[in-house]
Amino acid sequence: MRWRQLLLCLLLSGVAPLHAAVPVEDWLLLPERIWTGDGDGTHTGWAVLIHDGAIAAVGPAASIQAPENTQRITLPGATLTPGLIDLHSHLFLHPYNETLWNDQVLKEPQDYRTLEAAEHARATLQAGFTSLRDLGTEGAGYADVSVKRAINEGLIPGPRLFIATRAIVATASYGPGPGGFRPDIELPGGAEEVSGIDAAARAVREQAARGADWIKLYADYRIAADGSSAPTFTAAELKAIVDTAHLSGRPVAAHASTDAGARMAVEAGVDSIEHGYGASESTFKLLKQRGVAYLPTLTAVASTAEYFDHYRPGQSEPTPRMREAEKAFRSALKLGVIIGNGSDVGVFAHGSNWREPVAMVSYGMTPAQALHATTTVAARILRQHDHIGRIAPGLRADLAAFSGDPSVQIEALRHPVFVMKDGTIYRKPETTP
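Everything numeric in this text was worked out from a predicted model, so none of it was measured. Note on numbering: residues in each chain are counted from 1, in written sequence order. For a predicted model such as this one, the threshold for reporting local features is a pLDDT of at least 70, and the threshold for listing and counting side-chain atom pairs is 80 or more; totals across whole chains, interfaces and linings nevertheless cover every residue. The side-chain numbers reported here are obtained from all heavy atoms of the structure, hydrogens and water having been left aside.

Participant: A description of the overall build of the protein should follow, citing residues and the corresponding values.
Facilitator: Secondary structure follows DSSP: runs of H or I at least 4 residues long count as helices, runs of E at least 2 residues long count as strands, and numbering of each begins at the N terminus. When its secondary structure is counted, the protein shows 13 helices and 19 strands. Radius of gyration: C-alpha atoms only; globule rule: 2.2 Å multiplied by the number of residues to the exponent 0.38. Against the compact-globule benchmark of 22 Å for 433 residues, the protein has a radius of gyration of 21 Å, which places it among compact chains. Counting only C-alpha atoms, the protein reaches 70 × 55 × 45 Å along its principal axes. The classification of residues rests on relative accessible area computed with a 1.4 Å probe and restricted to protein chains. Under 20% of the type maximum is buried, over 50% is exposed, and intermediate values are partly exposed. The burial tally for the protein puts 55% of its 433 residues in the buried class.

Structure, rendered in structure tokens:
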């Protein structure tokens, strides 16, 4: 049985994980520069000492006293950063130009989708993203609980997972169907459907008991008579979901693409708004006033424009939907809303999560702001800022290094050369001794 587990791990990871060898407790990392997250600039001539999975020291290399058996890793030309964080992902999806969403949910067996999710987790970690908030299995039930467990137990490589399990939607408001299908066919759902206050509270309790770290709800969706998006839950139903989740200490993320949906979700007390494309300036002011985080998912809009609207990056004019997303993002940025990095990866290829911070810079953030959104700010949104998100003594050793300097040129995030999670190395330059 143990050999079977090892074989499965190898098949899922593509290569043997670096921690298969004798574990090393002490590492001294010597990059060309370090971006700690405390401020916007980098430090040259600095080093980071790792002991037993945690950051033991960071500062000028000459000032760090490393234990005798410490192994050194030099990273010439690279910038060491905190491990990156993506706050809106779907490990159980893959790009819609490969397979449409309906077909993934209706035709791909859950066992196969779980194996895909494991491979997606590996690709994500290899890209330097050491933490991931996965906002719904999209018809794969509670399989994210098993993927998270397999990562935590070392069976497969992957980022720290913060999961939402099935997500919660209003009855008949999400897919697949029921529109477009025979009414006598019972279809699997992409999320858990509820109607009424009692059912809404019951769904939260069930998902929490199954292992959800966050509760995800859909405040609006394409239910209007003309097929456009409109609010799906009543104010009382929204409040029941939020209050029940908060009683157990779980935060709530709300899908909201309309102004009305976003405002209703914020008024109900949610902790983050996902997408927010149609949100007005007054609604973003409400987000700022209440400290609600905004995850813009700009890359998902650009990706679906490519798949379905014939958009070609660098060649076509942005679609109306892309312009709407840009307007919302610039409005939130101007008002000082908490903006975290959330890409909706799964709509596009896992491992290319770097596209979201690049998009945020193209819409007005500085590279340093985008790095903060992807590290320090994201860690605070997760309530994990005392553990991850910065390079500081006492925090877990979740680190990544990139060729170049992403604090100046955000596109450097495309080129990871080193990845460490919890003190275990998952990627390093081949030339490193």
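That covers the picture; the talk isn't over yet.
Participant: I'd like to hear about the pairing of strand β8 (residues 160-163), residue by residue, with values.
Facilitator: Here is the key point about a regular strand: its side chains alternate between the two faces of the sheet. In this description, strands pair whenever DSSP reports at least two bridges between them. With 4 bridges connecting them, strand β7 (residues 129-134) and β8 associate as parallel partners. What sits directly across from S131, in β8, is R160. A crossover links β7 with its parallel partner β8, the connecting element being helix α4 (residues 143-152), and its sense is right-handed. We call a crossover right-handed when, viewed with both strands directed away from the observer, the connection leading from the first strand over the helix to the second proceeds clockwise.

Participant: Residue-level account of the sheet that holds β8, with values.
Facilitator: Strand pairing in a sheet is mediated by backbone hydrogen bonds. Such pairs are either parallel or antiparallel. Spatially, β6-β7-β8 is the arrangement adopted by the 3 strands of the open sheet, whose pairing is parallel. Strands at the two margins of the open sheet, each flanked by one partner only, are β6 (84-89) and β8. Taking each pair of neighbouring strands and ignoring which way they run, the sheet shows an average axis angle of 15°. Both β6 and β7 contribute to a ladder of 4 bridges, which runs parallel. If you follow I85 over to β7, its bridge partner there is S131. An axis is simply a line fitted to the C-alpha atoms; with a helix, the fit covers only the stretch in contact. Between two such axes, the angle follows the N-to-C directions and lies from 0 to 180 degrees.

Participant: Pulling in residues and values, what's your account of the packing of aromatic side chains?
Facilitator: Pairing of aromatic rings covers Phe, Tyr and the six-membered ring of Trp, with a centre-to-centre limit of 6.5 Å; geometry is then stacked below 30 degrees between planes, edge-to-face above 60, and tilted otherwise. By the definition in use, this model includes 7 aromatic pairs. Measuring from centroid to centroid gives 4.8 Å for Y174 and Y221, while their planes differ by 70°, and the two rings are edge-to-face. Pair noted here: Y174 is in the loop between β9 (168-170) and β10 (192-194) and Y221 is in strand β12 (residues 220-221), with a separation of 47 residues, a long-range link. Note on Y174: relative accessible area 7%, which makes it buried. The exposure class of Y221 is buried, given its relative accessible area of 15%.

Participant: Lay out helix α6 (residues 235-247) in plain terms, naming residues and giving numbers.
Facilitator: Given the number of residues in a helix, its expected span is that number minus one, multiplied by 1.5 Å. The end-to-end C-alpha separation of α6 is 18 Å, in line with the 18 Å expected for 13 residues at 1.5 Å each. Taken together, the buried positions of α6 are occupied by E237, L238, A240, I241, V242, T244 and A245. Buried-residue contacts for α6 involve β9, α5 (197-210), β11 (215-218), β14 (252-256) and α7 (259-268). Among the residues trailing α6, G249 stands out with phi positive, at a value near 85°. Contacts: residue pairs with any heavy atoms within 4.5 Å of one another.

Participant: Report on unusual backbone geometry, specifying residues and quantitative values.
Facilitator: In this structure, the amide linkage connecting G175 to the following residue, P176, adopts the cis form with an omega of -10°. Inspection of the secondary structure assignment puts P176 in the loop between β9 and β10. In this structure, P178 follows G177 across a cis peptide bond, with omega equal to 0°. For P178, the location among the structural elements is in the loop between β9 and β10. The phi dihedral of E138 is positive, around 55°, even though this residue is not glycine.

Participant: Could you give an account of the pairing of strand β4 (residues 54-60), naming the residues involved and the relevant values?
Facilitator: The pairing of strand β3 (residues 46-51) with β4 spans 6 bridges and is classified as antiparallel. Considered in β4, the bridge of H51 is made with A54.

Participant: Please provide a residue-by-residue account of the packing of helix α11 (residues 355-362) against helix α12 (residues 367-374), values included.
Facilitator: The geometry of α11 relative to α12 is characterised by a closest axis approach of 9 Å and an angle of 140° between their N-to-C directions. The angle between the axes of α11 and α12 places the two elements in the oblique class. Judged by the twist between their axes, the crossing of α11 over α12 is right-handed. Listed contacts from α12 to P357, M360 and V361 of α11 are P367, A370, A373 and T374. For the contact of α11 with α12, the class distribution of residues is 6 nonpolar, 1 polar and no charged. Should an angle fall under 35 degrees it is called roughly parallel, over 145 degrees roughly antiparallel, and 65 to 115 degrees roughly perpendicular, with every other angle called oblique. By convention, the crossing between two helices is left-handed when the near helix turns anticlockwise from the far helix through less than a right angle, and right-handed when the turn is clockwise. We call Asp, Glu, Lys and Arg charged. Ala, Val, Leu, Ile, Met, Phe, Trp, Tyr, Cys and Pro are nonpolar, and the rest, Gly among them, are polar.

Participant: Which residues make up the pattern of salt bridges, and what are the values?
Facilitator: Salt bridges are identified by distance alone: a Lys or Arg side-chain nitrogen within 4 Å of an Asp or Glu carboxyl oxygen. Here the structure, examined in full by the defined rule, presents 22 salt bridges. Between R263 and E267 there is a salt bridge; the shortest N-O distance is 3.8 Å. Separated by 4 residues within a single helix, R263 and E267 lie in helix α7, roughly one turn from each other. By relative accessible area, which is 26% here, R263 ends up partly exposed. Accessibility expressed as a relative area gives 45% for E267, which makes it partly exposed. The shortest N-O distance in the salt bridge between D271 and R383 comes to 3.0 Å. Of this pair, D271 sits in the loop between α7 and β15 (272-275) while R383 sits in the loop between α13 (376-381) and β17 (399-403), placing them 112 residues apart in sequence. Through salt bridges with shared partners, one network takes in R160, R396, D398 and D422.

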